[in-house]
Amino acid sequence: MFWKFDLHTASQVEKLLEKEDVTLKELLDEDDVLQECKAQNQRLLLFLSQDSSLLELISLITHEPPSDREEKLRYKHANTACELLTCDVAIINDKVGGDDCLLNTLYSFLEQNPPLNPLLASFFSKTFGSLISRKTEQTISFLKKKEGFITLVLKHMDTSAMMDLLLRLISCVEPAPVRQDVLTWLDEQKLIQRVTELIHPHIDNERQSNASQTLCDIIRMSRDQASLLQEPSDPDPLLATLELQQSVEALLKNMFEGDNSEVCIINGTQVLLTLLETRKPGVELIDSASQGLEKSYTVNNSILLGIQPYLKHYQHLLLNPPKKCSMLTTLGILEEPFGNARLHACRLLAALLHTIAPRIHYELCQLDMINLILDLFFKFTWNNFLHVQVEQCVFAILHQAVPEGTTQHSPDIQTYAHFCDNNTLLKHLLVQRILDAWEENDKTQAEGGMRRGYMGHLTRIANAVVQCGDKEPAQAQITQLISELPEDYKARWKTFVDETLAEINKKNAVDLVFSDYQIQQMTANFVDQFGFNDDEFGEHDDIVCFINKGAFTVKAPDHIRTDSSWPPTAIDVDFRIMSDTVTYLQGCR
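Criteria and thresholds
- Residues numbered from 1 in each chain as written.
- Predicted model: local features only at pLDDT ≥ 70, side-chain atom pairs only at ≥ 80, totals over all residues.
- Heavy atoms only, no water.
- Buried < 20%, exposed > 50% of the residue type's maximum accessible area, 1.4 Å probe, protein only.
- Helix = DSSP H or I, 4+ residues; strand = E, 2+ residues; numbered from the N terminus.
- Arc of directions from axis to C-beta.
- Contact = heavy atoms within 4.5 Å.
- Phe/Tyr/Trp six-rings, centres within 6.5 Å; stacked < 30°, edge-to-face > 60°.
- Patch = residues over 30% accessible without salt bridge, like charges linked within 9 Å, V, L, I, M, F, W, Y side chains within 5 Å.
- Areas by Shrake-Rupley, 256 points an atom, 1.4 Å probe, with all protein chains shown as cover.
- Salt bridge = Lys/Arg side-chain N within 4 Å of Asp/Glu carboxyl O.
- Axes fitted to C-alpha atoms, helices over the stretch in contact; angles between N-to-C directions.
- Parallel < 35°, antiparallel > 145°, perpendicular 65-115°, else oblique.

1. Description of helix 10 (residues 136–145)
Part 1: Restricting attention to buried positions, one finds in helix 10 the residues T136, T139, I140, F142 and L143. Summarising the axial view, the buried residues of helix 10 lie within an arc of 160°, below the 170-degree limit, and thus occupy one face. In this structure, helix 10 carries E137 and K145 as exposed residues pointing more than 90 degrees from its buried face.
Part 2: Packing partners of the buried residues in helix 10 comprise helix 8 (100–107), helix 9 (118–134), helix 11 (149–155), helix 12 (160–171) and helix 13 (176–188).

2. Here's the deal with the packing of aromatic side chains
Part 1: For the structure shown, the criterion picks out 12 aromatic pairs.
Part 2: Ring centres of F256 and Y314 lie 5.1 Å apart, and the angle between their planes is 85°; on these two criteria the pair is classed as edge-to-face. A residue pair is termed long-range when its members are at least 10 positions apart, and F256 in the loop between helix 17 (245–255) and helix 18 (262–275) and Y314 in helix 20 (residues 311–319) qualify at 58 residues.
Part 3: Among the residues examined, Y314 registers a relative accessible area of 2% and is labelled buried.

3. Topic: a nonpolar patch on the surface
Part 1: There is a patch of nonpolar side chains on the surface, built from L331, W382 and M450 and spanning about 320 Å² of accessible area.
Part 2: Locating M450 in the fold gives a position in the loop between helix 25 (413–446) and helix 26 (455–468).

4. A word on the pattern of salt bridges
Once their charged atoms are close, side chains differing in charge can pair, the charge on each being opposite to the other.
Part 1: One pass over the full model with this rule turns up 21 salt bridges.
Part 2: The partner of K126 in a salt bridge is E83, with the nearest N and O atoms 2.9 Å apart. With K126 in helix 9 and E83 in helix 6 (residues 76–85), this residue pair connects regions lying 43 residues apart in the sequence.
Part 3: The exposure class of K126 is partly exposed, given its relative accessible area of 30%.
Part 4: Judged by relative accessible area, E83 falls into the partly exposed class, the value being 24%.
Part 5: Measuring nitrogen to oxygen at the nearest pair gives 2.8 Å for the salt bridge that ties R220 to E277.

5. Considering the side chain of T196
Part 1: Examined against the element boundaries, T196 turns out to sit in helix 14 (residues 191–196).
Part 2: Look at T196 and you get buried, because its relative accessible area is 7%.
Part 3: Residue contacts for T196: discarding those within four places in its chain leaves L215, L251 and N254.

6. Points about the environment of L186
Part 1: The topology assignment puts L186 in helix 13.
Part 2: Relative accessible area serves as the criterion here: at 0%, L186 is assigned to the buried category.
Part 3: Each C-alpha atom, one on L186 and one on I170, is 8.7 Å from the other, the two residues being 16 residues apart in sequence.
Part 4: Setting aside its immediate chain neighbours within four residues, L186 contacts I150, L169, I170, L191 and L238.

7. With respect to the packing of helix 5 (residues 51–62) against helix 9
Part 1: Running from N to C, helix 5 and helix 9 cross one another at 135°; their axes reach a closest spacing of 8 Å. For the element pair helix 5 / helix 9, the angle class is oblique. When helix 5 is examined against helix 9, the residues L60, I61 and T62 are found in contact with a partner set consisting of L120, F123 and T127.

8. Concerning unusual backbone geometry
Part 1: Put simply, P114 and P115 share a cis peptide bond, and its omega is 0°.
Part 2: Mapped onto the elements, P115 comes out in the loop between helix 8 and helix 9.
Part 3: One non-glycine residue, D88, adopts positive backbone phi at about 60°.
Part 4: By secondary structure assignment, the location of D88 is in the loop between helix 6 and helix 7 (90–97).
Part 5: Using a relative accessible area of 46% as the deciding quantity, one classes D88 as partly exposed.
Part 6: Notably, K190 is not glycine yet its phi reads approximately 60°, a positive angle.
Part 7: Along the chain, K190 falls in the loop between helix 13 and helix 14.
Part 8: Given a relative accessible area of 47%, K190 falls into the partly exposed group.

Put into structure tokens, the structure is as follows:
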């Protein structure tokens with residue numbers, strides 16, 4: 001048997017370690033040095049844990065490699081050195097984490113003038129992050145002694161690795177009491193205020209973007225951490241600072257200082273949107289436009305109080321956006337691009353309308369921002385990103401309810417009544433706009449033009465108005481507004497609902513059956529469930545359709561397969577795109 005023979009060959013690392021004058025770089029050139037280290041090769045670990053070896057490893061990840069080396073091999077030693085320092089070997093962790101001389105050598109990388117080499121910065125961040133996780137108390141104690149640590153990290157915030165280092169410091173510290181101590185220390189260092197200062201028109205774009213992402217990640221991580229705790233614990237001081245009214249106001253003041261800076265507005269608004277989040281972010285396969293968006297939720301009042309005085313700035317932004325050059329699109333030249341800044345303003349508006357905040361809603365009505373975004377909806381015919389946000393705004397308004405516990409003596413009830421009055425005005429205008437836009441689209445298509453890009457969203461909005469007229473809380477208002485419509489609009493609306501909209505809904509409800517499968521909501525396990533059985537593929541049961549030089553197979557429905565006239569001589573397959581859902585409509589002739 002082959003196992004009777006000793007076929008084991010010594011690794012090249014072992015052979016090198018037998019040399020008295022072996023160098024670290026010779027070992028780093030070997031492909032299996034990392035594997036041998038993880039396998040606890042004692043001779044190798046003894047060599048690597050020497051002070052001189054560790055000092056050289058740290059030097060490799062903190063200093064530029066020689067420029068005369070071939071580019072693809074230039075960072076090979078640095079990469080391998082980083083992997084050895086972070087491979088979770090106890091003797092290496094203990095030596096580096098317990099030696100201030102080695103830590104100071106590693107820390108000296110931060111003391112360089114910007115910009116940092118991004119690759120070396122990632123090696124540095126990974127190594128320090130590993131020490132924070134595995135030698136927590138020693139590493140945190142070392143950093144606390146460095147008075148300028150936060151200043152140096154923020155100075156290099158244009159490098160994303162510095163953002164990663166901060167987040168490791170916040171999220172990778174255990175146990176809970178030590179983590180709370182670290183968060184308190186960072187709060188005392190004014191971390192939130194200093195990161196917020198980086199979101200400013202005078203700061204370069206990279207630092208702004210990384211600062212914004214850092215604040216967003218702090219918010220999400222802190223809330224996720226709190227939701228996982230089984231027992232009550234002290235509040236996260238960083239999150240508490242972020243949610244303060246003065247913190248929100250300071251952010252908004254920076255954003256709108258001087259001329260509108262699109263980058264600054266986008267980055268700042270992303271932080272506000274994260275503060276307004278109530279659900280854990282992630283990929284949602286279920287159609288978010290129809291699943292639960294009608295539910296309002298509460299938000300920390302200090303956040304809303306901070307936002308309210310600056311709503312007029314967002315109104316000005318929607319009316320007077322940052323100047324943008326014309327853009328060539330597949331539909332021709334777009335003279336006035338909508339822009340990401342205005343899109344973020346609409347996203348913020350949608351988020352605010354989904355909160356239970358009567359005063360904010362009243363302020364939005366006073367600024368006429370709802371009608372303003374409706375104007376933009378119809379003006380930017382092909383911007384579906386905008387259409388989605390406006391659709392969500394309309395859904396939020398239609399499903400707006402009086403906050404629980406509010407009575408006629410509550411201080412906000414008069415404000416809420418004003419908001420309802422403005423809602424009625426909005427819905428009145430909305431009904432007329434739906435009818436006018438629909439007729440304009442029909443006229444355009446009749447003349448040979450293209451179907452307008454917002455028609456799918458307009459269909460959903462029209463259905464929402466009809467459905468909300470049948471249930472609380474908007475039933476009474478919608479019934480009243482329909483009855484108050486001018487006679488011509490009242491008749492047009494009835495005809496539209498009973499005929500045009502009903503016919504479209506009927507078409508959109510038609511199922512094209514692939515075997516016995518019907519179109520269904522995309523859920524997390526859809527991919528696992530989707531498929532065909534082998535016996536469902538019959539030689540004569542399928543026909544292949546060629547559309548735009550592409551082919552796909554359409555399965556004959558059971559009731560047609562029994563007919564001798566199958567397969568048909570021709571088949572029409574109409575693809576209709578409604579928001580994010582593709583519905584296939586089949587008709588045979």
